[in-house]
Amino acid sequence: MATPAQWLAGSRPRTLPAAVVPVVVGTGAAISQGGAVWWRAVVALFVALALQVGVNYANDYSDGVKGTDRDRVGPMRLVGSGAAAPKQVLAAALACFAAAAVAGLALVIATGAWWLLLVGLAAILAAWFYTGGSRPYGYRAMGEISVFVFFGLVAVAGTTYVQLERVTWLSLVAAIPVGLLACALLVVNNLRDIGTDGVSGKRTLAVVLGDGRTRTLYAAALILPIVIALLLVPARPFTLLTLLAVPLVAAPVKAVRSGATGPALIATLQQTGRLQLVFGVLFALGLAL
């Protein structure tokens, strides 16, 4: 029986900025273009967090039963370590998805946009089939595309939509740097596991690109968000605030470009999450002011 601390570790709390930042930035865009509806923002945040924890448990379950976590370096996996039975982890994942669906339904009712049900269903299916099913797309170098779409475009523009009830150009542009930083988390995670993933048949984008090009991709995913935020300065001058996040870019990029591997990249993953959160808050403020 896994302990509460093990369940918490298995939820991978360091990945939660990927859920928080899109909602914060989407709300900043909403403020900029008409005003936020705060209860809807809070519900959107709950949906994002429930989906993030759900996908983490779903990946734990699917990777664990497939045996791809056996020699893995990194945060604890409940099934792979034997701390929890696969059925328990599967139940936790499904419970998170159900909670996200119920909260999302409240937003659908509030906005009257029933097509959002399809978006929510797509998000849940994407979360499950990342490593679940017989042909998981996360094993076929498509994980970063999904992360960019759902933790960037869908999450940011969707958060703005449920508050303003319209899609805005600003939310779509703002989604690009947010999606890139979410991808950076996955890229460095897969870079760390490139050796074991290749042996187990898990062909992530890192495995396909190889070590050197994956490190270049990671650096680009951290630098481009700053560039895009600065391109918005003529329309939203306070996005200059994102320059305050630049010092947080240096350490993880240096570590990755200098060849850090294995356990050394755990610290880089933490630094990436910190950068994502700080950038997201500064970017949201820049949009809102």
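Conventions used here
Residues numbered from 1 in each chain as written. Predicted model: local features only at pLDDT ≥ 70, side-chain atom pairs only at ≥ 80, totals over all residues. Heavy atoms only, no water. Helix = DSSP H or I, 4+ residues; strand = E, 2+ residues; numbered from the N terminus. Areas by Shrake-Rupley, 256 points an atom, 1.4 Å probe, with all protein chains shown as cover. Patch = residues over 30% accessible without salt bridge, like charges linked within 9 Å, V, L, I, M, F, W, Y side chains within 5 Å. Salt bridge = Lys/Arg side-chain N within 4 Å of Asp/Glu carboxyl O. Expected span 1.5 Å × (residues − 1). Buried < 20%, exposed > 50% of the residue type's maximum accessible area, 1.4 Å probe, protein only. Arc of directions from axis to C-beta. Contact = heavy atoms within 4.5 Å. UniProt positions renumbered as here; feature names shortened; annotations may be inferred. Phe/Tyr/Trp six-rings, centres within 6.5 Å; stacked < 30°, edge-to-face > 60°. Axes fitted to C-alpha atoms, helices over the stretch in contact; angles between N-to-C directions. Parallel < 35°, antiparallel > 145°, perpendicular 65-115°, else oblique.

Colleague: Whenever I open this one, the overall build of the chain confuses me. Can you help?
Modeller: In terms of helices and strands, the chain carries 13 helices and zero strands. Overall size of the chain, expressed as C-alpha extent along the three principal axes, is 50 × 45 × 30 Å. With an accessible surface of roughly 12200 Å², the chain has 72% of that area assigned to carbon and sulfur atoms.

Colleague: Mind showing me how you'd approach a nonpolar patch on the surface here?
Modeller: On the surface, a nonpolar cluster with roughly 450 Å² of combined accessible area is contributed by F238, L277, V281, L285 and L289. Mapped onto the elements, L289 comes out in the segment after α13 (264–288).

Colleague: How should helix α6 (residues 116–129) be read in this particular structure?
Modeller: Note on helix geometry: an α-helix contains 3.6 residues per turn, so any two residues three or four positions apart are oriented the same way. The end-to-end C-alpha separation of α6 is 20 Å, in line with the 20 Å expected for 14 residues at 1.5 Å each. Taken together, the buried positions of α6 are L116, A123, A126 and A127. End-on view of α6: buried residues confined to an arc of 100°, all on one side of the axis. Against the buried residues of α6 lie α3 (38–66), α5 (86–111) and α7 (143–164).

Colleague: So what exactly am I meant to see when it comes to the UniProt feature "transmembrane region" (unreviewed entry) in the chain here?
Modeller: The UniProt record marks residues 37–58, 89–108, 114–133, 145–163, 169–191 and 212–232 with the feature "transmembrane region" (unreviewed entry), using the residue numbering of this structure. End C-alpha atoms of residues 114–133 are separated by 28 Å, and the span's content is 70% helix alongside 0% strand. Structurally, residues 145–163 comprises 100% helix and 0% strand, and the distance from its first C-alpha atom to its last is 26 Å.

Colleague: What is the right way to read the packing of aromatic side chains from this model?
Modeller: Two numbers describe a pair of aromatic rings. These are the distance of the centres and the angle of the planes. Following the criterion strictly, the structure yields five aromatic pairs and no others. Pairing Y130 with Y137 gives two aromatic rings, centres 5.7 Å apart and planes at 70°, and the pair type is edge-to-face. Overall, Y137 belongs to the buried group, its relative accessible area being 15%. Between F279 and F283, the ring centres sit 5.3 Å apart and the planes meet at 35°, which makes this aromatic pair tilted. In this pair, F279 and F283 both sit in helix α13, four residues apart, roughly one turn of the helix. Take F279 and F283: they sit in the same class, and that class is buried.

Colleague: Looking at this structure, how should I read the pattern of salt bridges?
Modeller: Where charged atoms from two side chains of opposite charge come close, those side chains can pair. All told, the structure shown has five salt bridges when counted by the stated rule. Where D63 meets K202, a salt bridge forms, and the shortest distance between an N and an O atom there is 3.2 Å. Here K202 lies in the loop between α9 (194–200) and α10 (205–209) and D63 lies in helix α3, a separation of 139 residues in the sequence. There is no split in this pair, since D63 and K202 are both buried. Two residues, R192 and D193, come together in a salt bridge whose shortest N-O distance is 3.1 Å. The exposure class of R192 is buried, given its relative accessible area of 6%.

Colleague: Please explain the packing of helix α11 (residues 211–231) against helix α12 (residues 247–257) as it appears in this structure.
Modeller: How two helices sit against one another is set out by the angle between their axes and by the gap between those axes. At a minimum axis distance of 9 Å, the contact between α11 and α12 shows a crossing angle of 170°. The angle between α11 and α12 places the two elements in the roughly antiparallel class. Here G212, R215, T216, Y218, A219, L222 and I223 of α11 lie close against α12, whose contacting residues are V249, P252, V253, A255, V256 and R257.

Colleague: Just checking my understanding: could you explain unusual backbone geometry for this structure?
Modeller: In terms of backbone geometry, most residues other than glycine have negative phi values and most peptide bonds are trans. You will see that R12, though not glycine, has its phi angle at about 55°, which is positive. Take R12: it is sitting in the loop between α1 (4–10) and α2 (17–32). According to the relative accessible area criterion, R12 is buried, its value standing at 9%.

Colleague: I would appreciate a short explanation of α12 in the present structure.
Modeller: Looking only at α12, the buried set comprises V249, P252, V253, A255 and V256. Across the axial projection of α12, the buried residues extend over an arc of 160°, all falling on one side. Every exposed residue of α12 that faces more than 90 degrees away from the buried side is listed here: P247 and K254. Contacts made by the buried residues of α12 are with α8 (169–192), α11 and α13.

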